[in-house]
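Chains, contacts and geometry: an overview
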Amino acid sequence: MSDHIDGPRQIGDPSADLTDLFAFTSPENPSRTVLAANVFPTCGRDAMFSNAITHSIVVRRAKLNGLGDTTKFVTSDPEIRFGVRFDSLERGAAGQKPIQRGTCTFPDGQTLRVVVNDEKGASTPDGTFRVFAGLRSDPFILAWIVAAMKPFQNLLQNDNVLCIVIEFDTRRVLEPDRGSLFGVIAETVPLARQNALVGHEPSRLDWVGRPEQTNVRLNCAFLKNADDLRDLWNQQTPFAIADRFRSLFLQRLKDSLAAYDMHDGKQDWTPAALAANANMFLDDFLLFDVAKPINDTSHMEIEKSTLDGKTYQTGGGRTVDANVIDILLTWIVNHDREPLRGGATKATKPGTKTFPYFATPNLDLQQVSDSINLDASPDRVWELVGQFGGAWHPLVAQIKLIGTGVGELRIIETVDRQAIIERLDDLDNSARSYRYTNIAGIPASNYTGTFQVKPNGAGSTVEWRAQYLGNGQGDLVVKTIISTLFKTGLESLKQRFGAAK
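In this report, the structure presented in the accompanying data block is examined. (Residues numbered from 1 in each chain as written. Predicted model: local features only at pLDDT ≥ 70, side-chain atom pairs only at ≥ 80, totals over all residues. Heavy atoms only, no water.)

A short note on the pattern of salt bridges
Oppositely charged side chains can pair when the atoms bearing their charge come close. Counted according to the given criterion, the structure contains 34 salt bridges. Note that Lys-454 and Glu-463 form a salt bridge whose closest N and O atoms lie 3.2 Å from each other. On the accessibility criterion, Glu-463 (21% relative accessible area) is partly exposed. Each of Arg-60, Asp-77, Glu-79, Arg-81, Glu-187 and Arg-204 takes part in a single network of salt bridges with overlapping partners. (Salt bridge = Lys/Arg side-chain N within 4 Å of Asp/Glu carboxyl O. Buried < 20%, exposed > 50% of the residue type's maximum accessible area, 1.4 Å probe, protein only.)

Structure below.
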């Protein structure tokens, strides 16, 4: 959830939807810093970057300007900006997928061409910069039903994102002798159109600083009838929230943090400390200090120590494997009095110690299967369910067939007026089985289903299986859709034929 799907613009164009931002010391070389930004939540295996967007990661030098209830972090110019634009797809070689290239522009003006999904990435001739862009396993861990504060399985299990990783020589680029504390944001902005009005910059699509600014703090599940401010927030200029909106956002942060504080029935924050937290979160950028260690638990330690009136000990930042939801909820609910743990503590695939540090994408086919034992002969059951166009399923309103035999399509209209299109790939009446492919209607790719009726003593067993790759929805959502279809259909057969005795 960190910054996934945090407003209507992001739902309309998921390729512009920033999901997470990271800042950490290179595991391969401690003299280098890694910044990374992910976009396109729950994207499919063939996802590519938009060629209509500039993706940027922007760093500013920061300094501490107050402790305890007067905590304040301020940033200063100039910006240290990394920009990436991607080209249109190029036709691949015969039988190969299309190719996409991008150009990264660095703060010193150098540019570097990168081929999307090239595992080696690309480096500038002087070795200062190194870049990777491509599909990766989403490292975010959302193991909570936050609206109920209930631990749950990782809702992003098996999801993928598009990832941009930029690694650079810390001393050359950030000049830490001038100060080692920095704030960083990522943003997506559409390319300026030809003939656009002069002096009008294109609207920002999305930006992210600290995780969960939008989906947890500004859109608190415990505030009833509160307007959704996330889209308005996403239009703000990072490092410079408009003065006319600051009081609106600040009040929402105060209300939200007060609600989280009292969720467990215990008040762990004084009103002054809550206000200090809200003020600090309003200036939204991910803090990191390149002179101190950054590890999986150091996220927000700079902010937390400062708010507690202490000197921070770590480099803060955010690593690939940082469990930021647990860290944040523990802080805002009970002021670190006791750890709050979700239902999972690891992503589908943990990060790696070698460039590009984000794990390879999840491309293993997922499976759903279900079965039921019936008190009826296989022939009798097959007579009802063996027709590819048979309308026996209670969630099906009607079915239309196009074509005949193997290759025919069934267009299913469900009772909630959804359309599902499937193609018959194989039919074996002697084995009482058929195999089909989902063409549309299920948010999955490479979807193959198998339906079979087998003898089982005096009765029969109906087996229904599917394998697929999630595409456009989280794997848990896809699995729930398919499981519901299977279970509802099979249970209806038990009502018709009776359960096996």
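With respect to the sheet that holds strand β15 (residues 366-374)
Taking strand neighbours across the sheet as the criterion, the seven strands line up as β15-β21-β20-β19-β18-β17-β16 in an open arrangement whose pairing is antiparallel. Of all the strands in the sheet, just β15 and β16 (396-402) have a single pairing partner and so form its edges. Neighbour to neighbour, the strand axes of the sheet diverge by 20° on average, direction disregarded. Here strand β20 (residues 444-456) runs beside strand β21 (residues 459-470); their pairing, made up of eleven bridges, is antiparallel. Note that in β21 the partner of Ala-444 across the bridge is Gly-470. Its contacts with the sheet put helix α10 (residues 475-497) on β15, β18 (419-428), β19 (433-440), β20 and β21, and the angle it makes with β15 is roughly 10°. (Pairing = 2+ DSSP bridges. Helix = DSSP H or I, 4+ residues; strand = E, 2+ residues; numbered from the N terminus. Axes fitted to C-alpha atoms, helices over the stretch in contact; angles between N-to-C directions. Contact = heavy atoms within 4.5 Å.)

So, helix α6 (residues 271-282)
Taking 1.5 Å per residue as the helical rise, α6 with its twelve residues ought to reach 16 Å, and the 16 Å between its terminal C-alpha atoms agrees with that figure. Taken together, the buried positions of α6 are Ala-273, Leu-274, Ala-276, Asn-277, Ala-278, Met-280, Phe-281 and Leu-282. As for α6, its buried residues are in contact with β4 (73-86), α3 (213-218), α4 (230-234), α5 (243-261), α7 (301-307) and α8 (324-334). (Expected span 1.5 Å × (residues − 1).)

Observations regarding the sheet that holds strand β8 (residues 129-137)
Ordered in space as β1-β2-β11-β8-β7, the five strands form an open sheet in which the pairing is antiparallel. At either end of the open sheet lies a strand with only one pairing partner, and these are β1 (18-25) and β7 (122-123). Sheet analysis places β7 next to β8, joined by two bridges and oriented antiparallel. Bridge assignment links Ser-123 to a residue of β8, and that residue is Arg-130.

Quick notes on the pairing of strand β6 (residues 111-115)
Residues in a regular strand project their side chains so that they alternate between the two faces of the sheet. Of the two faces of β6, only the one carrying Leu-112 and Val-114 is buried; Thr-111, Arg-113 and Val-115 on the other face are not. As paired elements, strand β5 (residues 101-105) and β6 share five bridges and run antiparallel to each other. Within β6, the residue paired with Thr-103 across the bridge is Arg-113. The loop that links β5 with its antiparallel partner β6 comprises five residues; one of these, Gly-109, has a positive phi angle of about 95°.

Concerning α8
One full turn of an α-helix is made of 3.6 residues, so residues set three or four places apart face in the same direction. Across the eleven residues of α8, eleven count as buried, placing the element largely inside the fold. What α8 keeps buried is the set Val-324, Ile-325, Asp-326, Ile-327, Leu-328, Leu-329, Thr-330, Trp-331, Ile-332, Val-333 and Asn-334. Structurally, α8 contributes buried residues whose contacts are with β9 (144-145), α3, α5, α6 and α7. Immediately beyond the C-terminal end of α8, within one or two residues, lies His-335, with a positive phi of roughly 55°.

A few points about the side chain of Thr-319
With respect to the helices and strands, the residue Thr-319 is situated in the loop between α7 and α8. On the accessibility criterion, Thr-319 (7% relative accessible area) is buried. Sequence-distant contacts of Thr-319, that is, excluding residues within four places in its chain, are made with Phe-22, Phe-24, Ile-294, Asn-295 and Asp-296.

Remarks on the nonpolar core
Counting residues in each nonpolar core, the largest one holds 51 residues, and the members touching the most others are Phe-249, Tyr-260, Leu-329 and Ile-332. Listed by contribution, the elements that provide at least two residues to this core are β3 (53-64), β12 (181-190), α3, α5, α6, α7 and α8. Top contributing element to this core by residue count: α8, with eight residues. Beyond its immediate stretch of four places on either side in the chain, Phe-249 contacts Leu-218, Leu-229, Leu-232, Trp-233, Gln-236, Ile-241 and Leu-282. In terms of nonpolar packing, the next biggest core, distinct from the first, is built from 50 residues, Phe-40, Ile-57, Cys-163 and Phe-168 among them. (Core = buried A, V, L, I, M, F, W, Y, C linked by side-chain atoms within 4.5 Å.)

Considerations on the packing of α5 against α8
Where α5 contacts α8, the two axes come as close as 6 Å, and the packing angle between them is 85°. Relative to α8, the element α5 is oriented roughly perpendicular. Between α5 and α8, the contacting residues are Leu-257, Tyr-260 and Asp-261 on the first element and Leu-329, Ile-332 and Val-333 on the second. Across the contact of α5 with α8, the residue classes tally to five nonpolar, no polar and one charged. (Parallel < 35°, antiparallel > 145°, perpendicular 65-115°, else oblique. Nonpolar A, V, L, I, M, F, W, Y, C, P; charged D, E, K, R; others polar.)

Focus: the packing of aromatic side chains
Going through the model one piece at a time under the given rule, you end up with 25 aromatic pairs. Taken together, Trp-382, Phe-388, Trp-392, Tyr-434, Tyr-436, Tyr-447, Phe-451, Trp-464, Tyr-468 and Phe-486 form an aromatic cluster joined through their ring pairs. Looking at Arg-210, its charged tip hangs above the ring of Phe-285, at a distance of 5.6 Å from the centre. Directly above the ring of Phe-22 sits Arg-318, whose terminal nitrogen or CZ lies 4.5 Å from the centroid. (Phe/Tyr/Trp six-rings, centres within 6.5 Å; stacked < 30°, edge-to-face > 60°. Lys NZ or Arg CZ within 6 Å of the ring centre and 35° of its normal.)

Quick notes on the side chain of Asn-362
With respect to the helices and strands, Asn-362 occurs in the loop between α8 and β15. A polar atom in the side chain of Asn-362 sits 2.8 Å from the backbone oxygen of Asp-159. Ignoring any residue separated from it by four or fewer positions in sequence, one finds Asn-362 in contact with Ser-137, Asp-138, Asn-158, Asp-159, Asn-160, Thr-348, Lys-349 and Leu-469. (Polar contact = N/O pair within 3.5 Å; in protein donor to acceptor, adjacent residues only side chain to side chain.)

A short note on the pairing of β21
Of the strand pairs in this sheet, β15 and β21 are connected by nine bridges, and their pairing is antiparallel. Looking across to β21, one finds that Leu-374 is bridged to Ser-460. Where β20 folds back onto β21 in an antiparallel hairpin, the turn is made up of two residues, including Gly-457, whose phi is positive at roughly 65°.

Considering unusual backbone geometry
With an omega of -5°, the peptide bond running from Asp-77 to Pro-78 counts as cis. Turning to its location among the elements, Pro-78 is positioned in strand β4. For the bond from Phe-355 to Pro-356, the omega torsion is 10°, close enough to zero to count as cis. Structurally, Pro-356 can be placed in the loop between α8 and β15. In this structure, Phe-40 takes a positive phi of about 65° despite not being glycine. Here Phe-40 is to be found in the loop between β2 (32-39) and β3. Residues other than glycine seldom take positive phi values, yet Asn-225 does so here, at roughly 60°. Tracing the sequence through the fold places Asn-225 in the loop between α3 and α4.

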